[in-house]
Amino acid sequence: DFNNNFINKVDGGVQLIAGNVNGLPSFVSDGSGGYAVDFAGTKSLKTSANFPINTSDKVYMEFDMKTTATAGQVIVELSTNYFSNNSFLAVINDVANKIEINDHNSSTNIGYSPISINTGVWINIKIIIDRSLGVDQNKIYINNVLSYTQNTTYYGNNNGNFGSYILYLGQR
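Residues numbered from 1 in each chain as written. Predicted model: local features only at pLDDT ≥ 70, side-chain atom pairs only at ≥ 80, totals over all residues. Heavy atoms only, no water.

Account for the sheet that holds strand E12 (residues 138-142), naming residues and giving values.
Hydrogen bonds between backbone atoms are what pair the strands of a sheet, whose relative direction is either parallel or antiparallel. An order of E6-E11-E12-E13 is seen for the 4 strands of this open sheet, with the pairing classed as antiparallel. One side of each edge strand has no neighbouring strand; the edge strands of this open sheet are strand E6 (58-65) and strand E13 (145-149). With direction set aside, neighbouring strand axes in the sheet form an average angle of 20°. Looking at chain direction, strand E11 (residues 123-130) and E12 are connected through 5 bridges and run antiparallel. In the strand pairing of E12, Ile128 is matched with Lys139. (Pairing = 2+ DSSP bridges. Helix = DSSP H or I, 4+ residues; strand = E, 2+ residues; numbered from the N terminus. Axes fitted to C-alpha atoms, helices over the stretch in contact; angles between N-to-C directions.)

As structure tokens, then:
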């Protein structure tokens, strides 16, 4: 909840800034009296400095989104590049109409929800990466229903804490 203002979102000296030269995303009504961030086009956000989660092996993300996009796009990424160790990434439409999670650490865990996300209606998404759970560490919930759990036949167990990298929202 940004309350229609990015400037007040500061934590430990890290704040959200424009992710590229096209400026900050805009705010639009969410239809219920609040605001939503509109990442239409090539606008995005990133942290002004490395996001300090390097003391944790767990990441929990929850957001509501409404999209009809069919092109691939980053939702959230913590890394210096796609293959950074101890990083993660969530994208839409890398597999058509799905949300995908990538967890990197020497190997890459990739999984995606079988449920379509580009329906044009608001969808609640929760992504959990818990490296203490071993090979079952990645989960995606769509509208509070478990949609994907990583399993033993899909890549390996990525251990350890996450790195301290720039956090990107909406695009890299």
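Describe the pattern of salt bridges, naming the residues involved and giving the relevant values.
One pass over the structure, following the stated rule, counts 4 salt bridges. A salt bridge links Lys58 to Asp57; the shortest N-O distance between them is 2.9 Å. One salt bridge in this structure joins Lys58 and Asp130, with 3.7 Å as the shortest N-O distance. Residue Lys58 is found in strand E6, and its partner Asp130 is found in strand E11; the two are separated by 72 residues along the sequence. A relative accessible area of 43% means that Lys58 is categorised as partly exposed. (Salt bridge = Lys/Arg side-chain N within 4 Å of Asp/Glu carboxyl O. Buried < 20%, exposed > 50% of the residue type's maximum accessible area, 1.4 Å probe, protein only.)

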